[in-house]
Amino acid sequence: MNRSVIFRILLDIALFICVIHGWWFIALPIVFIGVLRLYFVVEIIVAGIMYDALFGMVVPAGIWGYAGIITAAVILIILRLLKKVVR
């Protein structure tokens, strides 16, 4: 198996465990490592949706219930642009 596939699987497992337990202080560095090392980062968006579904989406909150995924998407777009500029 390719090293990047193994790294992606381990990163996904660690991210899943952190999101399920609500350890977002640990999940954020894992996300940034994944963004810098991997090209396709759909796992991070899925983790954000999972986190918001578990802890943030409540009916009275409205759009603020989606704040985590909106913030993550904006950060990923900015990091993608910065990554292109730096490389």
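As shown above, the structure is provided for reference.
Below: a short report on this structure. (Residues numbered from 1 in each chain as written. Predicted model: local features only at pLDDT ≥ 70, side-chain atom pairs only at ≥ 80, totals over all residues. Heavy atoms only, no water.)

**Section: helix 2 (residues 24-37)**
Turning to step 1, where the next piece is worked out: Look at helix 2: 19 Å from first C-alpha to last across 14 residues, which is about the 20 Å you get at 1.5 Å a residue.
Turning to step 2, where the next piece is worked out: Every buried residue of helix 2 is listed here: Ala27, Ile30, Val31, Gly34 and Val35. Within helix 2, the buried residues cover an arc of 140° as seen down the axis, which keeps them to one side. Residues Phe25, Leu36 and Arg37 are exposed on helix 2 and point more than 90 degrees away from its buried face. (Helix = DSSP H or I, 4+ residues; strand = E, 2+ residues; numbered from the N terminus. Expected span 1.5 Å × (residues − 1). Buried < 20%, exposed > 50% of the residue type's maximum accessible area, 1.4 Å probe, protein only. Arc of directions from axis to C-beta.)

**As for the nonpolar core**
Turning to step 1, where the next piece is worked out: In this structure, Leu11, Leu15, Cys18, Val19, Ala27, Ile30, Val31, Val35, Leu38, Ala47 and Leu76 together form the largest nonpolar core, which totals eleven residues.
Turning to step 2, where the next piece is worked out: Mapped onto this core, the elements with two or more residues apiece are helix 1 (3-21) and helix 2.
Turning to step 3, where the next piece is worked out: Apart from residues lying up to four places away in sequence, Ile30 is in contact with Leu11, Ala14, Leu15 and Cys18. (Core = buried A, V, L, I, M, F, W, Y, C linked by side-chain atoms within 4.5 Å. Contact = heavy atoms within 4.5 Å.)

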